[in-house]
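For reference, the chains in residue letters:
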Amino acid sequence: MSDFSATPAVSPPVRPGQIALRWLLFSLLGLFALFYLMPLFVMLTTSLKSLEEIRSGSLVALPREVTFDAWRTAWSEACTGIQCEGLRPYFWNSVLLAVPAVLISTFLGAANGYIIAQWNFRGANLIFSAMLFGCFIPFQVVLLPMARMLGLMGLAGTIPGLIFAHVIYGIGFTTLFFRNFYVTIPGDLVKAAKVDGAGFFRIFWSIFLPLSLPIIVVTVIWQFTQIWNDFLFGVSFSQAGTQPVTVALNNIVNSTTGVKEYNVDMAAAIIAGLPTLLVYVVAGKYFIRGLTAGSVKG
Amino acid sequence: MRAWLERQIPKMVLAPSFVAILIFVYGFIGWTAWISLTRSKLLPKYDLHGVIQYKRLFAAPRWDTAMDNLFLFGALFICISMALGLLLAILLDQRIRVEGVLRTIYLYPMALSMIVTGTAWKWIMNPGLGIEAMVRGWGFENFTFNWVIDPDMAIYAVVIAGVWQASGFVMALFLAGLRSVDGEIIKAAQIDGIPGWRIYSAIILPSMAPIFLSAFIVLAHLAIKSFDLVVALTGGGPGYATDLPATYMYAMAFSRGDIGQAASSAMVMMGVVFAIVVPYLYSELRAKHV
């Protein structure tokens, strides 16, 4: 599905008319590339300008004088409300939240997928359908009871509370990923291992997990992107001090105190987007595989 | 006895996840459904009062705006993203040497949070300092582009940002689809002298029907859940001009203290999602079991 390597459909140009078409094709592709790159370019150049230059210059002009003041302010001084500590504490909140939530939900998905795909018992498919269904609900429908539940559990407004919510509503997708990967492994493998005396856990640890590296990478990237970029849970289940970076970014941009510092807003936006962007650049292939698998089959 | 225990292990390992899903998905939907039938305000009350919340909801002008916006935004967002994604996929499918680079450029917005996207576009479309000021600086003194602060146009600003974010993803879906079409058929058509555009319109695109459906489902799902983008780009404003059901629900739940309204609007949202997703899921699951 995510394999782009097959031979292209249409033959290369030979006639002069087709060379003109070729030029048209490249200019179109170039124009679209500009459209997609423009916001990133504008964010970056704006973040490197001083406020005077922003007011006097053009949106797309390169900075005359490059200054990193806005980045420093965004990272450690910008106000997210009454506190003015920049994005830094919230960035770490997001790290503290995303890492355990990704690991736990991925591990649970692996175990669930292994069971549903390889230890078929009566009702397993029904359970799988029930989990799959959970992937599609708009989270608004569980927002109120979840807020109350976290309160009852003593986790309201805490990072563990957010981790809990992300794990619960991530299980559906992670299970789906692993289940779809493990059904392609022949059932004879489990049978043979059982004959050799291996049990449920032994087969999982020594046979299935070592085979799973590609799907683990896909799942981790998918979950990390989802959780890092989440805003709805972050804004609903956190309080001042435990907010993830997306919520803090929104607060910085919409904070009404003082002069509007567009360069700081842009630096903050880039900082908030950097981790997932980095993951995308480094492991784009797996990112696309997750997107297509998560959407086409889910 | 030991053998029996051995057989129970898989069920025991799966059980916690299953119970969690039962409670936190199905139980919670039930709770929200119940609350949507009560007169709950700041705190939940459990005695039923029929469909009073739904009556209030459908009588509320703000909800009306939110639903209108959802259909307008959804229709434009889905159609433009699909058209643009398909166009990009076909253009990229013409033996482009730098295809990998272009693909990366078209798709990277999908890795960003909608809050980041909204923040960026809010700045770009800023009337005083963004595109409007830039074009005026070029000498077009009367140029106006103030969609983000114009109540009639703000929803289109949300469409622009949404399309920017999601169209690359549709491109990736379609490109994978184009590449999975049987090369032999295409070669045969080329030998027969059938022109390229006919090969696309008569052979390749019809065979991609399932991908059109997937793209539609994903985009519709994104549109209905759109919350972050509106919050970051317009904050639902000016006034309530760009409210969507998701922002309405959030406002009722967390700033108005009207959880009866919040619950009923969430139930309507779920109804809209299921009207689109359930037939699709059903056919998918059936197809797999056959």
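What you see is a predicted model; the values in this text were computed from it and never measured.

*Asks:* Help me out: how do you make sense of the overall build of chain A in this one?
*Replies:* Helix and strand counts for chain A come out as 14 helices and zero strands. Ordered by position in the sequence, the α and β elements of chain A form the string α-α-α-α-α-α-α-α-α-α-α-α-α-α. Computed over its C-alpha atoms, the radius of gyration of chain A comes to 24 Å, more than 25% above the 19 Å expected for a compact globule of 298 residues. In terms of overall dimensions, chain A has a C-alpha envelope of 75 × 70 × 30 Å along the principal axes. Relative to all contacts within chain A whose residues are 6 or more apart in sequence, the contacts with residues 24 or more apart total 77%.

*Asks:* Where do I start with the overall build of chain B in this structure?
*Replies:* A count of helices and strands for chain B gives 13 helices and zero strands. A compact globule built from 290 residues should have a C-alpha radius of gyration of about 19 Å, whereas chain B, at 24 Å, is more than 25% larger. Dimensions of chain B along its principal axes, counting C-alpha atoms only, are 75 × 70 × 30 Å. Considering chain B as a whole, with its 290 residues, one finds that 45% of them fall into the buried category. Pairs at least 24 apart in sequence give 69% of the contacts found in chain B among residues at least 6 apart.

*Asks:* How should the nonpolar core be read in this particular structure?
*Replies:* Grouped burial of nonpolar side chains is what soluble globular proteins tend to show. Of all hydrophobic cores here, the largest spans 178 residues; its most connected members are Leu87(A), Leu249(A), Ala268(A), Val158(B) and Met171(B). No other element matches the 18 residues that helix H7 (residues 154–179) of chain B contributes to this core. Split by domain, the residues of this core number at least three in each of domain 1 (16–67) and domain 2 (88–297) of chain A. Other than its neighbours up to four places away in sequence, Leu249(A) contacts Leu87(A), Ala268(A), Ala269(A), Ala272(A), Ile115(B) and Thr119(B).

*Asks:* What's the story with the interface of chain B and chain A in this structure? I'm lost.
*Replies:* Interfaces are frequently sized by the accessible area removed from exposure as the parts join. Contacts between the two partners involve 84 residues from chain B, matched on the other side by 78 residues from chain A. At 17 residues, helix H1 (residues 2–35) of chain B tops the list of elements feeding residues into the side of chain B that touches chain A. For the side of chain B that touches chain A, a count of residues per class yields 63 nonpolar, 14 polar and seven charged.

*Asks:* Looking at this model, I keep getting lost on H1(B). Mind explaining?
*Replies:* Each full turn of the α-helix corresponds to 3.6 residues, which orients residues three or four apart in the same direction. Given a rise of 1.5 Å per residue, 34 residues ought to cover 50 Å, and the 47 Å separating the end C-alpha atoms of H1(B) matches this to within 8%. The sharpest bend along H1(B) reaches about 40° and sits at Ala15(B), with the proline Pro16(B) one to four residues further on.

*Asks:* How do you make sense of the packing of helix H3 (residues 61–92) of chain B against helix H10 (residues 209–225) of chain B when you look at a structure like this?
*Replies:* When two helices pack together, their arrangement is given by the angle between the helix axes and the distance between those axes. Residues and elements named next belong to chain B. Closest axis-to-axis distance for the H3/H10 pair is 9 Å, and the angle between their directions is 140°. Along this stretch, H3 crosses H10, giving a crossing that reads as right-handed. Contacts from Leu-70, Phe-73, Gly-74, Phe-77, Ile-78, Ser-81, Met-82 and Gly-85 in H3 reach Ala-215, Phe-216, Leu-219, Ala-220, Ala-223 and Ile-224 in H10. Residue composition of the contact of H3 with H10, grouped by class: 11 nonpolar, three polar and no charged.

*Asks:* Would you mind going over the domain arrangement of chain A with me for this structure?
*Replies:* Residues and elements named next belong to chain A. As far as domains go, chain A holds domain 1 (16–67) and domain 2 (88–297). Here the C-alpha centroids of domain 1 and domain 2 sit 34 Å apart. Elements that contribute at least two residues to the side of domain 1 that touches domain 2 include exactly helix H1 (16–47) and helix H2 (51–56). The element that contributes the greatest number of residues to the side of domain 1 that touches domain 2 is H1, accounting for four residues.

*Asks:* Quick question: what am I supposed to make of the environment of Leu40(A) here?
*Replies:* Residue and element names in this part refer to chain A. Mapped onto the elements of the fold, Leu-40 is located in helix H1. Given 17 C-beta atoms within a 10 Å radius, Leu-40 is considered partly exposed. Taking the C-alpha atoms as reference, Leu-40 lies 14 Å from Leu-278; in sequence the two are 238 residues apart.

*Asks:* Hey, could you run me through the environment of Ile216(A) in this one?
*Replies:* Residue and element names in this part refer to chain A. Mapping Ile-216 onto the fold places it in helix H10 (residues 213–229). A count of 19 C-beta atoms within 10 Å places Ile-216 in the partly exposed class. Residues Ile-216 and Gln-83 lie 133 residues apart in sequence; the distance between their C-alpha atoms is 39 Å.

*Asks:* Is there a simple way to explain the confidence of the model for chain A in this structure?
*Replies:* Detailed reading of predicted coordinates is not advised where the pLDDT is low. When pLDDT is averaged across chain A, the result is 86; 93% of the residues are at 70 or more. Least confident of the elements in chain A is helix H14 (residues 284–297) of chain A, whose mean pLDDT is 68; most confident is helix H4 (residues 88–118) of chain A, at 94.

*Asks:* What exactly am I supposed to notice about unusual backbone geometry here?
*Replies:* Residues apart from glycine generally show negative phi values, whereas peptide bonds are mostly found in trans. Phi at Arg95(B) takes a positive value of approximately 55°, unusual for a residue other than glycine. Structurally, Arg95(B) is set in the loop between H3 and helix H4 (99–107).

*Asks:* I keep staring at the confidence of the model for chain B and nothing clicks. Help me out?
*Replies:* Looking at chain B as a whole, its pLDDT mean stands at 88, while 98% of the residues score no less than 70. We note a pTM of 0.89 for the whole complex and an ipTM of 0.87 for its interfaces.

*Asks:* Even after reading the chapter, I still don't get the packing of helix H5 (residues 124–134) of chain A against helix H7 (residues 159–182) of chain A, so can you show me in this structure?
*Replies:* All names here are of chain A. Between H5 and H7, the least distance of the axes is 8 Å, while the angle of their chain directions is 130°. Compared by their axis directions, H5 and H7 come out oblique. When you trace H5 past H7, the crossing you get is left-handed. Residues Phe-128, Met-131, Leu-132 and Gly-134 of H5 form the contact with H7, whose own contacting residues are Ile-171, Gly-172, Thr-175, Leu-176 and Arg-179.

*Asks:* I tried to follow the environment of Ile163(A) on my own but got confused; where do I start?
*Replies:* Position of Ile163(A) among the secondary structure elements: in helix H7. Setting aside anything within four residues of it in sequence, one finds Ile163(A) in contact with Leu97(A), Pro100(A) and Ala101(A).

Cut-offs used in this document
Residues numbered from 1 in each chain as written. Chains lettered and ligands numbered in written order. Predicted model: local features only at pLDDT ≥ 70, side-chain atom pairs only at ≥ 80, totals over all residues. Helix = DSSP H or I, 4+ residues; strand = E, 2+ residues; numbered from the N terminus. Rg over C-alpha atoms; globule rule 2.2 N^0.38 Å. Contact = placed C-beta atoms within 7 Å. Buried ≥ 20, exposed ≤ 12 C-beta atoms within 10 Å, placed from the backbone. Core = buried A, V, L, I, M, F, W, Y, C linked by C-beta atoms within 7 Å. Domains from an automatic or database assignment. Nonpolar A, V, L, I, M, F, W, Y, C, P; charged D, E, K, R; others polar. Expected span 1.5 Å × (residues − 1). Bend = angle between axes of the 7 residues up to and from the residue. Axes fitted to C-alpha atoms, helices over the stretch in contact; angles between N-to-C directions. Left-handed = near helix turned anticlockwise from the far one by under 90°. pLDDT = per-residue confidence, 0-100. Parallel < 35°, antiparallel > 145°, perpendicular 65-115°, else oblique.

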